[in-house]
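Fold and geometry: a report
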Amino acid sequence: MRRVAGVMLAVMIAGWAGAASAQTTEISFYYPVAVGGPVTKIIDGLTADFEKENPGIKVKPIYAGTYQESIVKALTAVKSGEPPQTSVLLSTDMFTLIDEDAILPWDDLIKTPDDRAWLKSCFPAFMLNSQTGGKTWGIPFQRSTIVLYWNKDAFKDAGLDPERPPANWTEMVDVGKKLTRRDASGNVTQWGIQVPSSGFPYWLFQGFTTQNDVLLMNEAGTQTYYDKPAVVEALQYWVDLSQKHKVMPAGIIEWGTTPKDFFEKKTAMMWTTTGNLTNVRTNAKFPFGVAMLPANKRRGSPTGGGNFYLFKKSTPAQQAAVLKFVKWITSPRRAAEWGIDTGYVAVRPEAWDTPEMKKYVAGFPFAAVARDQLQYAVAELSTHENQRVTKALNDGLQAALTGAKTPAQAMKDAQAEADRILRSSRR
Amino acid sequence: MRLPVGIRAQVYGWLLLLPALVLLVTFTHYPTVTTLYHSLMSTPKGARPAVWVGADNYHAMAADPVFWQSLRNSAFYALGTIPISIALALLMAVLVNGKLPGRGFVRLAYFTPTILPMIAVANIWLFFYTPGYGLLDQVLGVFGIGSHNWLGSRASALPCLMAVAVWKDAGFFMIFYLAALQGIAPALGEAAAIEGAGRWYVFRRVTFPLLMPTTLFVLVNAIISSFRLVDHIVVMTRGGPDNTSSLLLYYIYDVGFKFWDTSYAAALTMVLLAILATAAIVQFAFLERRIHYQ
């Protein structure tokens, strides 16, 4: 924290110096990195390249910790009157940032036809979480979806076709049953599947609800549909995976250790983010596959990850500089570079047509699975009073998964709580 | 002009007091008063400024099931971790105070958990508790006990977090007991032995009473740390499943920095302050009278 304050002070001083000479425009941006390492190096490299191409602009990335820590720092900075010019924060923080009066819509800066074309150039699935009330508040940058990873050796051992992952809900249960192995005393040595449920179970749950063809909220972010019959049905299926079919461990499954469970062959399949692609590629000691999530009434997954936001209280020169920087970093070439280096889904279709990306996908076809799934993707759950409304759902999901409530009761309670919280936002 | 002696003494006294006074007011009293003030206001949102709402936040609290659950969890957590970690600390201190081969090494081993940051400890324990191949399940597996989802089931999540706290705190408290044990004159024990007292009797009637000042100090620390340290919850369960491992301070963090309902968080903070103040008053007003200082 103190270091961040120090950096901010340095930025402020540099900013004044810049204003005095009226030559360079300095912009600061908060970027969420939990730990240093490769990603900070990539960002540093990108900003250095940008500064070389645009001598009048200085970009100061400030590494602000996890997404949660970053929004805490950004909003604290807003309240103290010294916000960053731009920041990468969760796409679901949009309503929170609007309600706190912290950000401007990008439309305000858009003047040329070129700018307008750029604003429309991202995959539409990513824009669902970036627009409300007819305005664009977020520019997609590091975005992901949920995919299914499977262990081909485990499939072979169970007498299944290792090249054919389950395509629908019924198949996932059938395949899961064959993959679940028990020792002589009945203890499970290998589970069929793990769908994590710690921390943010709502995100994984949106996979099930989307596949059951039902949305969890309206676009205005003022209404949730937690207690719709199709939502309860989706939760029933998730609960049944462990309680009825016994192909998934009972209780809450930790998000953080699920990839490790997969490497240790404790589970033959897992649902997790595309952001784990590089991790799995490095650590899995067996041939593995990556597939779209199985379908029920349709295919589906929520998107996730972070957007660029434009903060209030910047000078027009700084705002123009921010626009230039964000346009540059989301240009097809840079977006492709970013996607290849990190495993995030490159946010624009043109990025996938670049020679670099084509070469990458040819060598590692799984990288394209997330892109192909985007046509079925929906917005991540996001409403006014976002984290509170989301917590109501999380608590309900965990109550059902640990057997404390029936799915119907859990969703009814979650909806009642969400209604209570959102009452004032509907006025 | 020379001031009268009485006033000069006053000024001198206040000047001596000033550094401590400034620090206490800035970092303790002023924040307490502003927290109380904010707890009686509404949360400002964007263009909407804060307005006076009186006891509204406290009424909301009384009707908030998550608050009551967190409070119950905190009470259970404190009642569980404090006696166990103090008893364990005393036991370890007595053990390494005696003539033990490799005494220095054992002392170091007991103290090591204290030096580690709680976040690191929590990440280590997260893998101890992992179902299937975690350390705990591997050890139990040797005895033919099947794997258990320790952090993922309602009954075991909070006790698992308590075990981490005990593991981390006991070594720290041991150091105080060890220092106190070294300060007790051996003559007292020898005199009692001549009178024919057994080792347990000496501990019960001589050593333990002489350790009471340390016990009070450790108790104060233990209570504070049981309410103050929630880092491991962030790493291991995030209050789940379904709030069964949410402690009061963790809930305050949720409300303040995730929901951005700062005035409600201020009201919750007042409750935490009231609890800690009551504990301090009870300890210093009642317990201290029964303690013998050498």
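Residues numbered from 1 in each chain as written. Chains lettered and ligands numbered in written order. Predicted model: local features only at pLDDT ≥ 70, side-chain atom pairs only at ≥ 80, totals over all residues.

Right, let's talk about the overall build of chain B for a bit. The secondary structure content of chain B amounts to 13 helices and zero strands. Ordered by position from the N terminus, the helices and strands of chain B form the series α-α-α-α-α-α-α-α-α-α-α-α-α. In terms of C-alpha radius of gyration, chain B reaches 24 Å, well past the compact-globule figure of 19 Å for 294 residues. Split into buried and exposed, the 294 residues of chain B put 30% on the buried side. For chain B, contacts bridging at least 24 residues in sequence account for 70% of all contacts bridging at least 6. (Helix = DSSP H or I, 4+ residues; strand = E, 2+ residues; numbered from the N terminus. Rg over C-alpha atoms; globule rule 2.2 N^0.38 Å. Buried ≥ 20, exposed ≤ 12 C-beta atoms within 10 Å, placed from the backbone. Contact = placed C-beta atoms within 7 Å.)

On to the overall build of chain A, then. If you tally the helices and strands in chain A, you get 18 helices and 13 strands. Expected size for 427 residues packed as a compact globule is a radius of gyration near 22 Å; at 22 Å, chain A falls within 12% of this value. Considering only C-alpha atoms, chain A reaches an extent of 80 × 50 × 45 Å along its principal axes. The proportion of buried residues among the 427 residues of chain A is 49%.

Reports of interface size often rely on the accessible area that becomes lost once the parts have come together. Contact residues are listed per partner, giving 27 residues for chain A and 26 residues for chain B. Elements with a minimum of two residues in the side of chain A that touches chain B: helix 3 (67-79), helix 4 (94-99) and helix 17 (386-401) of chain A. Looking at which element gives the most residues to the side of chain A that touches chain B, the answer is helix 17 of chain A, with five residues. In the side of chain A that touches chain B, the residues fall into eight nonpolar, eleven polar and eight charged. (Nonpolar A, V, L, I, M, F, W, Y, C, P; charged D, E, K, R; others polar.)

The subject of this paragraph is the environment of His232(B). All names here are of chain B. Mapped onto the elements, histidine 232 comes out in helix 11 (residues 231-236). For the pair histidine 232 and threonine 130, spaced 102 residues apart in the sequence, the C-alpha separation amounts to 15 Å. Residues in contact with histidine 232, not counting those within four places in the same chain, are Met118, Val121, Ala122, Leu161 and Val164.

Further remarks concern the environment of Leu277(A). Residue and element names in this part refer to chain A. Take leucine 277: it is sitting in helix 12 (residues 277-283). C-alpha of leucine 277 to C-alpha of tyrosine 344: the two residues are 67 residues apart in sequence and 8.8 Å apart in space. Apart from residues no more than four positions distant in its own chain, leucine 277 is found in contact with Val290, Gly343, Phe366 and Ala367.

Before going further, it helps to examine the pairing of strand 12 (residues 301-311) of chain A. Residues and elements named next belong to chain A. With eleven of eleven residues buried, strand 12 lies mostly within the body of the structure. Taken together, the five bridges between strand 3 (residues 86-90) and strand 12 define a ladder with antiparallel strand orientation. Directly across from leucine 89, in strand 12, lies its bridge partner asparagine 307. Summarising the sheet, strand 4 (residues 103-104) and strand 12 pair through two bridges and their orientation is antiparallel. Bridge pairing in strand 12 places isoleucine 103 opposite phenylalanine 311. Where strand 12 lies against strand 13 (residues 377-378), two bridges are found, and the strand directions are parallel. In the sheet register, proline 302 faces strand 13, and the bridge partner there is valine 378. (Pairing = 2+ DSSP bridges.)

As a rule of thumb, non-glycine residues mostly have phi less than zero, and peptide bonds are mostly trans rather than cis. In the Ramachandran plot, Lys246(A) falls in the positive-phi region, its phi being about 55 degrees despite a non-glycine side chain. Positionally, Lys246(A) belongs in the loop between helix 10 (229-243) and helix 11 (258-263). Residue Trp260(B) is not a glycine yet carries a positive backbone phi of 60 degrees.

Any region with low pLDDT has predicted coordinates that should not be read closely. Residue and element names in this part refer to chain B. The share of residues in chain B with pLDDT of 70 or more is 98%, and the mean pLDDT across the chain is 87. Across chain B, the element-wise mean pLDDT spans from 83 in helix 8 (residues 186-194) up to 92 in helix 3 (residues 65-97). Here the predicted complex scores 0.84 on pTM and 0.76 on ipTM. (pLDDT = per-residue confidence, 0-100.)

All names here are of chain A. Contact geometry for helix 10 and helix 18 (residues 407-422): axes closest at 9 Å, N-to-C directions at 130 degrees. With respect to helix 18, the axis of helix 10 lies oblique. In this structure, the crossing between helix 10 and helix 18 has a hand that is right-handed. Side by side, helix 10 and helix 18 meet where Val231, Val232, Leu235, Gln236 and Val239 of the first sit next to Pro407, Ala408 and Met411 of the second. Its residues assigned to classes, the contact of helix 10 with helix 18 shows seven nonpolar, one polar and no charged. (Axes fitted to C-alpha atoms, helices over the stretch in contact; angles between N-to-C directions. Parallel < 35°, antiparallel > 145°, perpendicular 65-115°, else oblique. Left-handed = near helix turned anticlockwise from the far one by under 90°.)

Moving on to the nonpolar core. Of all hydrophobic cores here, the largest spans 112 residues; its most connected members are Tyr149(A), Ile193(A), Leu235(A) and Ala346(A). Contacts of Leu235(A), omitting those with residues within four sequence positions, involve Leu397(A), Ala400(A), Pro407(A) and Met411(A). The next biggest cluster of nonpolar side chains, apart from the first, holds 50 residues, and it includes Ala93(B), Met236(B), Ile252(B) and Tyr264(B). (Core = buried A, V, L, I, M, F, W, Y, C linked by C-beta atoms within 7 Å.)

So, on to helix 13 (residues 316-329) of chain A. Taking 1.5 Å as the rise per residue, helix 13 of chain A with 14 residues should run 20 Å; its terminal C-alpha atoms sit 20 Å apart, in good agreement. All buried positions along helix 13 of chain A are accounted for by Gln318(A), Gln319(A), Ala321(A), Val322(A), Leu323(A), Phe325(A), Val326(A) and Ile329(A). (Expected span 1.5 Å × (residues − 1).)

Residues and elements named next belong to chain A. Most of strand 1 (residues 25-31) sits inside the fold, with seven of its seven residues counted as buried. Inspection of the sheet shows strand 1 paired to strand 2 (residues 57-63) by seven bridges, in the parallel sense. In the strand pairing of strand 2, tyrosine 30 is matched with isoleucine 62. Of the strand pairs in this sheet, strand 1 and strand 3 are connected by two bridges, and their pairing is parallel. Across the sheet, the residue bridging to tyrosine 30 is serine 87, located in strand 3.

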